[in-house]
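# Topology and contacts: notes
Chain by chain, the residues run as shown.
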Amino acid sequence: MPIDATEPYDDQNIFAKILRDEIPSRRVYEDAYAIAFHDIAPVAPTHILVIPRGAYVSWDDFSARASDVEIAGFVRAVGTVARAAGLVVPGYRLLANAGPHGGQEVPHLHVHLFAGQPLGPMLAGAPAA
Ligand code: AMP
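Predicted model, so just to flag it, every value in this text is computed and none were measured.

With that settled, consider the overall build of the protein chain. Secondary structure assignment for the protein chain yields 4 helices and 5 strands. Tracing the protein chain from N to C terminus, the helices and strands come up as α-β-β-β-α-α-β-α-β. Whereas a compact globule of 129 residues would reach a radius of gyration of roughly 14 Å, the protein chain reaches 14 Å, a difference of no more than 12%. Along the first, second and third principal axes, the C-alpha atoms of the protein chain reach 40 × 30 × 30 Å. For the protein chain, the proportion of its 129 residues judged to be buried stands at 36%. Summed over its atoms, the accessible surface of the protein chain is roughly 7500 Å², and 59% of this surface lies on carbon and sulfur atoms. On the protein chain, the mean spot of the 9 positive side-chain charges and the mean spot of the 14 negative ones are 8 Å from each other.

Written out as structure tokens, the structure reads:
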């Protein structure tokens with residue numbers, strides 16, 4: 001069920017529990033600002049989620065409230081994960097869903113990293129370029 005990305009942060013959301021190691025995840029990276037782990041239901045051969053450690057609901061919330069250091073740390077972590085996974089040369093897609101129209105389901109900011117095959121049109125149902 002897509003969330004309202006303007007709602008207050010819920011510290012019982014599934015990614016908050018992953019951050020606290022209350023539930024398992026297949027982590028591929030962590031630093032002071034972000035962690036990355038494999039999506040539990042991958043839709044591409046490589047499907048990694050990168051999330052900030054801070055309590056932010058969405059891209060909108062993060063971009064409005066996070067410090068410059070947190071924003072820089074998170075953006076650098078996304079790049080580091082993509083490079084470490086060897087995705088730069090074949091290429092990859094970054095996606096952050098926000099709010100009902102974006103289809104965001106987990107109310108902790110996350111960026112999807114998709115890769116491993118040609119990823120097709122940018123949106124489902126869009127005509128091929
Ligand atoms: P979104 O629709 O952008 O909010 O995407 C949420 C993503 O989180 C989906 O791709 C889910 O498959 C993924 N997901 C949900 N629960 C878990 C979990 N426990 N571990 C890893 N990924 C998860």
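As a further point, take helix 3 (residues 68–84). Residues lying three or four places apart along an α-helix face the same way, a consequence of the helix completing one turn every 3.6 residues. Its 17 residues give helix 3 an end-to-end C-alpha distance of 24 Å, which sits within 8% of 24 Å, the value for a rise of 1.5 Å per residue. Taken together, the buried positions of helix 3 are occupied by Gly73, Phe74, Ala77, Val78, Gly79, Val81 and Ala82. Against strand 1 (27–30), strand 2 (34–38), strand 3 (46–52), helix 2 (59–65), strand 4 (92–95) and strand 5 (111–115) lie the buried residues of helix 3. Positive phi appears at Gly86, one or two residues downstream of helix 3, with a value of about 75°.

Calculation notes
Every chain's residues receive numbers from 1 upward, in the order its sequence appears when written. Where totals are concerned, whole chains, interfaces and linings use all residues; where local detail is concerned, this predicted model gives features only for residues with pLDDT of at least 70, and gives and counts side-chain atom pairs only at 80 or more. With hydrogens and water excluded, all non-hydrogen atoms of the structure serve as input to the side-chain values. A run of H or I in DSSP counts as a helix once it spans at least four residues, and a run of E counts as a strand once it spans at least two, with each numbered from the N terminus. For this measure, only C-alpha atoms enter the radius of gyration; the expected value for a globule follows 2.2 Å times N^0.38, where N is the number of residues. The buried label goes to any residue with under 20% of its type's maximum accessible area, the exposed label to any with over 50%, and the partly exposed label to all in between, with areas taken from a 1.4 Å probe on protein chains only. Only the protein chains shown count as covering a residue, and every accessible area follows the Shrake-Rupley method with a 1.4 Å probe. In this tally Asp and Glu are treated as negative and Lys and Arg as positive; neither His nor the chain ends contributes. Taken as the charge location is NZ of Lys, CZ of Arg, CG of Asp or CD of Glu. Multiplying 1.5 Å by the helix residue count minus one yields the expected span of that helix. Between two residues, a contact is recorded if the distance between any of their heavy atoms is within 4.5 Å.

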